[in-house]
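Analysis of the macromolecular model
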Amino acid sequence: MKFGVVVFPGSNCDADMINALSKDLGYEVIELWHKDKDLGMFSTEDCIVLPGGFSYGDYLRCGAIARFSPMMQSVISFAGKGGKVLGVCNGFQILCEAGLLPGVLLRNENMKFICRNIFLKGDDGIVSKIPVAHGEGRFYADNATLDELENNGQVIYRYCDENGNITPEANPNGSLRNIAGISNAAGNVFGMMPHPERACNERLGNTDGKKIFHDLFVARKTELV
Amino acid sequence: MIYAVHINVMPLKELLDPQGKAVMSGLSNLGLKGVEDVRIGKHITLQVEAASKEEARKIAEEASQKLLANQVMEYFEITVN
C-alpha cells in the first residue's frame with residue numbers, strides 16, 4: 001500500500017504527513033500537486049491524503065475552493081472507484097465541501113482556535129491522545145444525517161475524556177454528538193479533525209497517531225475482507 | 001445587458017453563530033442597549049451579463065447553490081438590479 005499526499009496552496013501539514021507516513025510508518029509516499037490530475041500510479045488499495053492547513057486561504061469557506069482544483073476532480077473519481085481517501089483537519093473540511101463526506105465543519109463553539117492534545121475514542125473503544133489545531137472543527141449535520149451515520153457505524157472517532165467517557169466537557173469545539181471523525185457509507189473515505197501525523201514519533205512525545213493509521217488502513221482492511 | 005446581483009449568505013437560523021455572539025458581547029461592552037441578537041454572514045455582489053433579469057437570477061442561483069453558499073449551514077437571498 002502506498003500513499004499520495006496532495007499539496008494545495010496554503011496546505012501546511014503536508015510535510016508532517018509525508019514525514020510520518022514515510023519515516024515513522026515506513027510507507028511509500030508520493031507528493032501530489034493540486035494542479036496535476038494524474039493518479040495513474042495508484043490502485044484502489046492505495047490512499048490519497050488531503051493534509052491540514054488553510055487551502056486557498058480558507059476564502060469563502062474552509063475547503064470550498066480546494067474542491068475545484070484539478071487534483072480534487074481526480075480524487076473524487078478515485079474515491080468513486082473505491083480508492084481510499086483520508087482528510088485530516090482542512091482535508092476533512094475539503095471532503096465535506098466536495099460531497100465525499102456528509103455534514104460540515106463550523107466555527108468552534110467557544111470562538112477560539114484550539115491547539116492542544118485531546119482524547120479520542122475509536123469504535124473499538126480504545127482511547128488515544130491526539131493533537132487538534134483548528135478554528136472551524138464543530139461537526140454539524142442535520143439529525144437525520146447524524147442518525148444515519150451512527151446506524152451505519154460511520155462515526156469512527158469521538159471526543160472523550162482521558163478515561164474514555166464521551167462527555168460535553170471533553171468536546172473541544174461543540175461538535176454534535178462529540179463527533180471527531182467519520183467515514184462515508186462505503187467505508188473508503190475518512191475525515192477527522194485531530195492530527196494523527198503529529199503523534200507518530202517518540203521524539204514528539206506521543207505515538208498514539210500510529211494506532212490511528214493502523215485503525216484506518218490495517219484493522220479496517222481486515223474487517224472489510 | 002449587465003445586471004448587478006446582490007447575494008446575502010447567512011448562517012441557518014437554528015445554528016449557533018459564534019462570530020455574531022462575539023460581536024454581540026462587544027456591543028454590550030460599548031454600553032449600547034436594545035441589541036438583542038447579532039448574526040454575521042456575507043454580502044456578495046456579481047456583475048452578470050444576461051439577456052434578462054430572470055436569466056441573471058438563474059445564473060446567480062446556480063452560483064449560490066453550487067459554490068457561494070453551503071446549504072448544510074447557510075441560506076442565501078438574491079436581489080437583481
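In this text, all values refer to a predicted model and were calculated from it rather than measured experimentally. (Residues numbered from 1 in each chain as written. Chains lettered and ligands numbered in written order. Predicted model: local features only at pLDDT ≥ 70, side-chain atom pairs only at ≥ 80, totals over all residues. Heavy atoms only, no water.)

**Points about the overall build of chain A**
Of regular secondary structure, chain A possesses five helices and eleven strands. Taking 2.2 N^0.38 as the reference for a compact globule, 225 residues should give roughly 17 Å; the C-alpha atoms of chain A span a radius of gyration of 16 Å, in line with that estimate. Taking the principal axes of its C-alpha atoms as reference, chain A extends roughly 45 × 40 × 35 Å. Per-residue burial for chain A yields a buried fraction of 54% across its 225 residues. Long-range pairs, those at least 24 residues apart, make up 73% of the contacts in chain A between residues at least 6 apart in sequence. (Helix = DSSP H or I, 4+ residues; strand = E, 2+ residues; numbered from the N terminus. Rg over C-alpha atoms; globule rule 2.2 N^0.38 Å. Buried < 20%, exposed > 50% of the residue type's maximum accessible area, 1.4 Å probe, protein only. Contact = heavy atoms within 4.5 Å.)

**Here's the deal with the pairing of strand β4 (residues 84-88) of chain A**
Residues and elements named next belong to chain A. Of all five residues that make up β4, five are buried, and the element is covered over most of its length. By the alternation rule, side chains of β4 split into K84, L86 and V88 and V85 and G87, which are all buried. When strand β3 (residues 47-50) meets β4, the two strands line up parallel, connected through four bridges. In the strand pairing of β4, I48 is matched with V85. Taken together, β3, helix α2 (residues 70-80) and β4 constitute a β-α-β crossover, and its handedness is right-handed. Here β4 pairs with strand β11 (residues 189-192) via four bridges, running parallel. Within the sheet, the bridge partner assigned to L86 lies in β11 and is F190. (Pairing = 2+ DSSP bridges. Right-handed = clockwise from strand over helix to strand, strands pointing away.)

**Quick notes on the interface of chain A and chain B**
Opposite the 15 residues of chain A that make contact, chain B presents 17 residues. Here chain A and chain B share an interface that buries about 1,400 Å² over both sides, 66% of which is from carbon and sulfur atoms. Among the residues chain A hides against chain B, the three largest losses belong to L60, R61 and M111 of chain A. Together they make up 39% of the total. Taken together, the links from chain A to chain B amount to one salt bridge. Between E74 of chain B and R61 of chain A there is a salt bridge, with the nearest N and O atoms lying 3.7 Å from each other. Scanning the region where chain A abuts chain B turns up six residue pairs in polar contact (both at pLDDT 80 or more). Mapped by element, the contributors of at least two residues to the side of chain A that touches chain B are β5 (104-106) and β8 (138-140) of chain A. Residues that form the side of chain A that touches chain B fall into these classes: seven nonpolar, two polar and six charged. (Buried area = accessible area lost by both parts, 1.4 Å probe. Salt bridge = Lys/Arg side-chain N within 4 Å of Asp/Glu carboxyl O. Polar contact = N/O pair within 3.5 Å; in protein donor to acceptor, adjacent residues only side chain to side chain. Nonpolar A, V, L, I, M, F, W, Y, C, P; charged D, E, K, R; others polar.)

**Comments concerning the sheet that holds β4 of chain A**
Residue and element names in this part refer to chain A. The strand order β2-β1-β3-β4-β11-β10-β9-β6-β7 describes an open sheet built from nine strands, whose pairing is mixed. At either margin of the open sheet sits one strand with a lone partner, and together these are β2 (28-33) and β7 (127-134). Neighbouring strand axes in the sheet, compared pairwise and without regard to direction, differ in orientation by 25 degrees on average. Against the sheet, helix α3 (residues 90-97) makes contact with β3, β4, β10 (179-183) and β11, and its axis sits at roughly 120 degrees relative to β4, the strand it touches most. (Axes fitted to C-alpha atoms, helices over the stretch in contact; angles between N-to-C directions.)

**Describing the environment of E150 of chain A**
All names here are of chain A. With respect to the helices, strands and loops of the structure, E150 is situated in helix α4 (residues 143-151). Note on E150: relative accessible area 30%, which makes it partly exposed. Once the C-alpha coordinates of E150 and E202 are considered, the two residues, 52 residues apart in sequence, prove to be 34 Å apart. When sequence neighbours within four positions are dropped, the list of residues in contact with E150 reads V155, R158 and R177. Only 3.1 Å separates the side chain of E150 from the side chain of R158, close enough to count as a polar contact.

**Details of the nonpolar core**
Residue and element names in this part refer to chain A. Ranked by size, the top nonpolar core spans 58 residues in total, and within it L86, L120 and F139 carry the most contacts. Broken down by element, the residue count for this core peaks at five residues, all from α2. Once you skip the residues sitting within four places of it in the chain, L120 turns out to touch I126, V127, S128, I130, Y157, R158, Y159, C160, A180, M192, P194 and I212. (Core = buried A, V, L, I, M, F, W, Y, C linked by side-chain atoms within 4.5 Å.)

**Some points on unusual backbone geometry**
Residue and element names in this part refer to chain A. Its identity is not glycine, yet Y56 carries a phi of approximately 50 degrees, on the positive side. Counting through the fold element by element, Y56 comes out in the loop between β3 and α2. For Y56, a relative accessible area of 22% corresponds to the partly exposed category. Its identity as a non-glycine residue notwithstanding, R177 has a phi of 55 degrees, on the positive side.

**Observations concerning the pattern of salt bridges**
Applying the stated criterion across every chain yields a total of ten salt bridges over all chains. When salt bridges that share partners are traced, they join R61 and E97 of chain A together with K42 and E74 of chain B into one network.

**Examining helix α2 (residues 53-68) of chain B**
All names here are of chain B. Given a rise of 1.5 Å per residue, 16 residues ought to cover 22 Å, yet the end C-alpha atoms of α2 are separated by just 20 Å, more than 12% below that figure. The complete set of buried residues in α2 reads A56, A60, S64 and L68. One side of α2 carries all its buried residues, which in axial view fall inside an arc of 75 degrees. Away from the buried face of α2 by more than 90 degrees, exposed residues E54 and K58 are located. On its buried side, α2 packs onto β1 (2-11), β2 (42-49) and β3 (74-80). (Expected span 1.5 Å × (residues − 1). Arc of directions from axis to C-beta.)

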